[in-house]
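# Descriptive structure summary
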Amino acid sequence: MPLRGDLRVDGSDNPRSQYVDIRVTLTCGCRIKDLRAFAAQMKEQKGWAIATSGGRGSSSGPEGTTYSLRARRTSLT
């Protein structure tokens, strides 16, 4: 299923870091249950390299579920 949602890059990140903190809001009503599977789908669909080690946070609201993740900076261009 294609991603429906939006991506926001955290403006307080270190510009020299290989990874950047991002927030992804899924507006399709779906949830991330398997981070490795989600990362593989995002690599295929968008070219994003999502980090699969470490934790992730999430919150739900009227606009959808928002996840705090890390992505390789160069993959977001």
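Residue positions within a chain follow its written sequence, with the count starting from 1. Predicted model: local features are reported for residues with pLDDT of at least 70 only, side-chain atom pairs are reported and counted for 80 or more only, and whole-chain, interface and lining totals are derived from all residues. Think of the side-chain values as coming from all heavy atoms in the structure, minus any hydrogens and water.

### Structural notes on the overall build of the protein chain
The condition that has to hold: In DSSP terms, a helix is any run of H or I states spanning at least four residues, a strand is any run of E spanning at least two, and both are numbered starting from the N terminus. Throughout, exposure labels follow a simple rule: accessible area from a 1.4 Å probe, protein chains only, divided by the maximum for the residue type, with under 20% read as buried, over 50% as exposed, and the rest as partly exposed. What makes two residues a contact is simply this: any of their non-hydrogen atoms within 4.5 Å.
Along its length, the protein chain carries 1 helix and 4 strands. Ordered by position from N to C terminus, the α and β elements of the protein chain give β-β-α-β-β. Here the protein chain holds 77 residues, and the buried ones make up 31% of them. Sequence separation of 24 or more characterises 56% of the internal contacts of the protein chain that already satisfy a separation of 6 or more.

### Brief notes about helix α1 (residues 35-46)
So the rule is basically this: To estimate how far a helix should reach, multiply one less than its number of residues by 1.5 Å. Counting of polar contacts relies on pairs of N or O atoms within 3.5 Å, with two restrictions inside protein: one atom must be capable of donating a hydrogen and the other of accepting it, and residues adjacent in sequence are counted only when both atoms are side-chain atoms.
Taking 1.5 Å of rise per residue, 12 residues should cover 16 Å, and α1 covers 16 Å from first to last C-alpha, within 8% of that figure. Turning to α1, the residues buried within the fold contact β2 (19-26) and β4 (64-72). The N-terminus of α1 is capped by D34, whose side-chain oxygen sits 3.0 Å from the backbone nitrogen of R36. Directly after α1, the chain includes G47, whose backbone phi takes a positive value near 85°.

### Concerning the pattern of salt bridges
How we decide: Criterion for a salt bridge: a side-chain nitrogen of Lys or Arg within 4 Å of a carboxyl oxygen of Asp or Glu.
Within this structure, the stated rule accounts for 1 salt bridge. Note that R70 is salt-bridged to D21, the shortest N-O span being 2.5 Å. Taken as a pair, R70 in strand β4 and D21 in strand β2 lie far apart in primary sequence, 49 residues in all. Judged by its relative accessible area of 36%, R70 is partly exposed. The partly exposed category is assigned to D21, whose relative accessible area is 30%.

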